[in-house]
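Take a look at the letters that make up each chain.
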Amino acid sequence: MKTLTYLAVLEPTGEKTYSVFFPDVPGCISTGKDLEDAVKNAKEALELHYYGLFKDEDEIPVPSDTVSKEDADGCIVSPITIYPDIVVERFNNKKVKTNCTLPAWLKEIAENNHINYSQVLESAIKQKLGLNQ
C-alpha cells in the first residue's frame, strides 16, 4: 500500500501548545493543545490537504528527508505518514448533509411511515444515474 511521509515541524507557542507546519506542503498548518494533540491534528490536516490537492488535480509535493536548520531550530520535527488511497476513499465516501424540499403532505406521510430520507434519496439518485449494483 502506498504511503507518503512528510516531516512536520511542531513549534512551541506557549505552555505545552504547538503550531504545526509542513515545509514540503505549503499552506498545510495545524495546532495542538499539547504534543500528542499537535501530532494528531497534523495528520488530519495533512490528509485533508492531500485530498484537496488530489481533487483539484494539483501536483502532490514530494516529501523530503530533512528539514532546514532554520525551520527546525527550537522545534520538534516529527514524521507524519498518510495512506493516500485510504484518504481518498474515506473522503469520497464521507456522508454529507444536503437540503431538499418536499410538499408538506408528502413529508407528513413519509414521517408517519418512518421513511429514512437519506436512504431513499441516495437510492433514488443512484438509480437515476444507473449506479445501482
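Heads up: the structure comes first, above all this text.
In this report, we go over the structure that sits alongside the text. Treat the numbers as computed from the prediction; the structure is a model and nothing was measured. (Residues numbered from 1 in each chain as written. Predicted model: local features only at pLDDT ≥ 70, side-chain atom pairs only at ≥ 80, totals over all residues. Heavy atoms only, no water.)

### As for the overall build of the protein chain
Regarding its fold elements, the protein chain presents five helices and four strands. Counting from the amino terminus, helix and strand elements in the protein chain follow one another as β-β-β-α-α-β-α-α-α. Rg of the C-alpha trace for the protein chain: 21 Å, well past the compact-globule value of 14 Å for 133 residues, more than 25% over. Taking the principal axes of the C-alpha coordinates as reference, the protein chain spans close to 65 × 35 × 20 Å. Classification of the 133 residues of the protein chain by burial places 25% in the buried group. Of the roughly 9900 Å² of accessible surface on the protein chain, a fraction of 53% belongs to carbon and sulfur atoms. Looking at the protein chain, you have 14 positive and 21 negative side-chain charges, and the mean spots of the two groups are 9 Å apart. (Helix = DSSP H or I, 4+ residues; strand = E, 2+ residues; numbered from the N terminus. Rg over C-alpha atoms; globule rule 2.2 N^0.38 Å. Buried < 20%, exposed > 50% of the residue type's maximum accessible area, 1.4 Å probe, protein only. Areas by Shrake-Rupley, 256 points an atom, 1.4 Å probe, with all protein chains shown as cover. Lys, Arg positive; Asp, Glu negative; His and termini not counted. Charge placed at Lys NZ, Arg CZ, Asp CG, Glu CD.)

### Brief notes about the packing of helix α1 (residues 35-55) against helix α3 (residues 84-92)
Viewed as axis vectors pointing N to C, α1 and α3 meet at an angle of 80 degrees, and their least axial separation amounts to 10 Å. Judged by the angle between their axes, α1 and α3 are roughly perpendicular. When α1 is examined against α3, the residues E47, L48, Y50, Y51, F54 and K55 are found in contact with a partner set consisting of P84, V87, V88, R90, F91 and N92. Looking at the contact of α1 with α3 residue by residue, the class counts come to eight nonpolar, one polar and three charged. (Axes fitted to C-alpha atoms, helices over the stretch in contact; angles between N-to-C directions. Parallel < 35°, antiparallel > 145°, perpendicular 65-115°, else oblique. Contact = heavy atoms within 4.5 Å. Nonpolar A, V, L, I, M, F, W, Y, C, P; charged D, E, K, R; others polar.)

### A short note on the packing of aromatic side chains
Any pair of aromatic rings gets described here by the distance separating the centres and the angle formed by the planes. Within the structure shown, the criterion is met by two aromatic pairs. Centroid distance Y50 to F54: 6.4 Å. Interplanar angle 15 degrees. Geometry classified as stacked. One end of the pair is Y50 and the other is F54, both in helix α1 and four residues apart, which spans about a single turn. Residue classification places F54 among the partly exposed residues on the basis of a relative accessible area of 38%. Seen from their ring centres, Y51 and F91 are 4.9 Å apart, and the 25 degrees between their planes marks the pair as stacked. Separated by 40 residues along the polypeptide, Y51 in helix α1 and F91 in helix α3 bring together distant segments of the chain. We note that Y51, like F91, is buried. (Phe/Tyr/Trp six-rings, centres within 6.5 Å; stacked < 30°, edge-to-face > 60°.)

### With respect to the nonpolar core
Counting residues in each nonpolar core, the largest one holds 20 residues, and the members touching the most others are V20, F22 and L46. At the level of elements, β1 (4-12), β2 (18-21), α1, β4 (76-82) and α3 are the ones that each hand at least two residues to this core. Of all the elements, α1 adds the most residues to this core, at six residues. Leaving out residues up to four positions away in the same chain, V20 has contacts with A8, V9, L10, C28, I29, S30, A38 and A42. (Core = buried A, V, L, I, M, F, W, Y, C linked by side-chain atoms within 4.5 Å.)

### A short note on a negative patch on the surface
A surface patch of negative charge is lined by D56, E57, D58 and E59. The topology assignment puts D56 in the loop between α1 and α2 (69-72). (Patch = residues over 30% accessible without salt bridge, like charges linked within 9 Å, V, L, I, M, F, W, Y side chains within 5 Å. Salt bridge = Lys/Arg side-chain N within 4 Å of Asp/Glu carboxyl O.)

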